[in-house]
Amino acid sequence: MTPGARKLLLTAHVTCSVGWLGAVAVFLALALFGLASDDATKVRAVYVACDLVGWLVIVPLSLASLATGIIQALVTPWGLLRHYWVLIKLVITTLATAILMIHMRPIGHVARLAAEAGLSSTAERGLRIQIVADAAMALLALLAATTLSVFKPRGLTSLGRRRQAQR
Amino acid sequence: MTEPTEGMPRWVKVFALVAILLVIAFVLLHVTGIAPHGHG
């Protein structure tokens, strides 16, 4: 791969990953407002927006971040499984994407209730607390992944050590 | 890229410990009554 193509791929990966982080922050703000507000009309609007932001922004960015991250690791000397920071980022991104897919269902449920005007400001409180908690945990996980990308802390996995010994 | 060849670095162990605690918190959240019920 040419240096130009590598930089283009890195740009795509950084854009998708940081965009995902930003979109989750927006989602968390909406979910917190939906949980705390007493205004039923605004609460309904917020959960319809959460569903849209989830499917149209967060899910595509998470899949793109995972895909570009894997390609990026495979075409550079870092490798996918040789350095702990890359491996941990892979685990975080894969788990966050899988959990996101699972949690789009309860978000869709609340959004459907909201669209049918069947969601009061106090209905489905447990589910709405869970949506806030999940978004907060996702934000923490993505912040950790971003920090790892910037600091790139040292540490070779056993595979990385074997590869280094072979050289 | 020359890297030290010792075992798992301390930061990985700390990171894993924090991740395990968060996973436990996540699981507890889902089994203590604030998980979704009867939807979908």
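One can find the structure itself at the top, above this paragraph.
Please read these numbers as outputs of a predicted model, since none were measured by experiment.

About the cut-offs
Residues numbered from 1 in each chain as written. Chains lettered and ligands numbered in written order. Predicted model: local features only at pLDDT ≥ 70, side-chain atom pairs only at ≥ 80, totals over all residues. Heavy atoms only, no water. Helix = DSSP H or I, 4+ residues; strand = E, 2+ residues; numbered from the N terminus. Buried < 20%, exposed > 50% of the residue type's maximum accessible area, 1.4 Å probe, protein only. Areas by Shrake-Rupley, 256 points an atom, 1.4 Å probe, with all protein chains shown as cover. Phe/Tyr/Trp six-rings, centres within 6.5 Å; stacked < 30°, edge-to-face > 60°.

Chemist: Would you take a moment to explain the overall build of chain B for this structure?
Modeler: Looking only at helices and strands, chain B has one helix and zero strands in total. Looking at chain B residue by residue over its 40 residues, the buried ones come to 18%. Total accessible area on chain B is roughly 2900 Å²; 73% of this is exposed by carbon and sulfur atoms.

Chemist: Teacher, can you tell me more about the packing of aromatic side chains here?
Modeler: Remark: the centre distance and the inter-plane angle together describe each pair of aromatic rings, the angle taken between the planes. Tallying each qualifying case throughout the model produces two aromatic pairs over all chains. When the ring of A:W78 is compared with that of A:W85, the centres are 5.1 Å apart and the planes differ by 80°; the resulting orientation is edge-to-face. With relative accessibility at 24%, the residue A:W78 sits in the partly exposed group. Ring plane angle 90° and centroid distance 6.3 Å describe the contact between B:W11 and B:F15, whose orientation is recorded as edge-to-face. Here B:W11 pairs with B:F15, and both are found in helix α1 (residues 10–31), just four residues apart, close to one helical turn.

No statement about biological role is implied by the geometric values presented.
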